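Notes for the structure review
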Amino acid sequence: MGASAILLSVVSLFVAISANRTQERMLAASIWPSLLFSTSNTAPDGTPQLGIDLLNRGTGPARVRWLEMYYRDAPLADWRELLRRCCASSPAQVEEVYGISSGVQNRVLGADEWVRMLQIQPEDAPDAIWKALDRERHNVRMRACYCSVLDDCWLFDSGREDPEPVKRCPAPGPVLWRG
């Protein structure tokens, strides 16, 4: 009788631990953030527009700790630096361009939130810069470290297929994207 009670207690403990692990995994999945990098040359309505975007396609908010942008592995502080490196023949040419940009340092992105990191309309840039950026936008790469509300963290690199889980966000590089 005593052995049966002990065996029943052990089985009950195993079932409770297993159920707790399942609940933890279900909670983590229900609040899982997932960042995506995107670049395009058309707006959602089909009009021409150059864009570099960050999207959270996960089911929960992403707490972005830091974000870095690179052009051909050189860090970028802002979109004007991108244009100077990729597309303009002179610094004065960059000043002729009107663009809209965003930074996301220490920002929370909700599930399905879409942030335009850079947007330039064709009429807001000289044709040579527009065409060069349309060509070179594929050489832009993004790195970011972000966490869920449960402090599960990932290191995202748009040059890799999947984000890398990390215990905590490592220190960022010396140049953060300001937008």
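Bear in mind the structure is a predicted one, so any value in this text is a computation, not a measurement.

The next thing to look at is the overall build of the chain. What the chain contains, in helices and strands, is four helices and 10 strands. Listed N to C, the secondary structure of the chain is α-β-β-β-β-α-α-β-β-β-α-β-β-β in terms of helices and strands. Buried residues in the chain amount to 41% of all 179 residues. Here the chain displays about 10100 Å² of accessible surface, and carbon together with sulfur accounts for 55% of that area.

Every buried residue belonging to helix α4 (residues 127–136) is among Ile129, Trp130, Ala132, Leu133 and Glu136, and all of these are buried. Close packing links the buried residues of α4 with β2 (48–56), β3 (62–71), α2 (79–86), α3 (91–95), β7 (114–120) and β8 (140–147).

Another point: the sheet that holds strand β5 (residues 100–101). Here we have four strands laid out as an open sheet, ordered β1-β2-β7-β5, and antiparallel in their pairing. One side of each edge strand has no neighbouring strand; the edge strands of this open sheet are β1 (35–42) and β5. As paired strands, β2 and β7 are joined by six bridges and run antiparallel to one another. Residue pairing across strands places Asp53 opposite Arg116, the latter belonging to β7. Contacting β2, β5 and β7, α2 crosses the sheet at an angle of about 45° to β7. α4 contacts β1, β2 and β7 of the sheet and is inclined by roughly 35° relative to β2.

Moving on to the pattern of salt bridges. Scanning all chains against the criterion turns up 14 salt bridges. Arg65 is paired through a salt bridge with Asp151; the nearest N and O atoms lie 3.9 Å apart. Residue Arg65 is found in strand β3, and its partner Asp151 is found in the loop between β8 and β9 (153–157); the two are separated by 86 residues along the sequence. Accessibility expressed as a relative area gives 45% for Asp151, which makes it partly exposed. The salt bridge partner of Glu164 is Arg160, with a shortest N-O separation of 3.7 Å. Several salt bridges share partner residues, and in doing so they unite Arg63, Arg65 and Asp151 into one network.

As for its placement among the helices and strands, Ser34 is situated in the loop between α1 (2–30) and β1. Given the relative accessible area of 12%, Ser34 is considered buried. Beyond its immediate stretch of four places on either side in the chain, Ser34 contacts Leu55, Asn56, Arg57, Gly58 and Tyr146.

So, about the packing of aromatic side chains. Going through the model one piece at a time under the given rule, you end up with one aromatic pair. Aromatic pair Tyr146 and Trp154: ring centres 5.5 Å apart, planes at 25°, arrangement stacked. Each member of the pair Tyr146 and Trp154 is classed as buried. Its guanidinium or amino end placed over the ring of Tyr70, Arg141 lies 4.6 Å from that ring's centre, counting from NZ or CZ.

Note that Thr47 resides in the loop between β1 and β2. The partly exposed category is assigned to Thr47, whose relative accessible area is 37%. Taking the C-alpha atoms as reference, Thr47 lies 9.1 Å from Gln121; in sequence the two are 74 residues apart. Setting aside anything within four residues of it in sequence, one finds Thr47 in contact with Asn41 and Thr42. A polar atom in the side chain of Thr47 sits 2.8 Å from the side chain of Asp45.

Time to look at the pairing of β2. Buried residues dominate β2, accounting for eight of its nine residues. Taken together, β1 and the strand that follows it, β2, pair antiparallel across an intervening segment of five residues, in which Gly46 is found at a positive phi of about 95°.

What counts and what doesn't
- Residues numbered from 1 in each chain as written.
- Predicted model: local features only at pLDDT ≥ 70, side-chain atom pairs only at ≥ 80, totals over all residues.
- Heavy atoms only, no water.
- Helix = DSSP H or I, 4+ residues; strand = E, 2+ residues; numbered from the N terminus.
- Buried < 20%, exposed > 50% of the residue type's maximum accessible area, 1.4 Å probe, protein only.
- Areas by Shrake-Rupley, 256 points an atom, 1.4 Å probe, with all protein chains shown as cover.
- Contact = heavy atoms within 4.5 Å.
- Pairing = 2+ DSSP bridges.
- Axes fitted to C-alpha atoms, helices over the stretch in contact; angles between N-to-C directions.
- Salt bridge = Lys/Arg side-chain N within 4 Å of Asp/Glu carboxyl O.
- Phe/Tyr/Trp six-rings, centres within 6.5 Å; stacked < 30°, edge-to-face > 60°.
- Lys NZ or Arg CZ within 6 Å of the ring centre and 35° of its normal.
- Polar contact = N/O pair within 3.5 Å; in protein donor to acceptor, adjacent residues only side chain to side chain.

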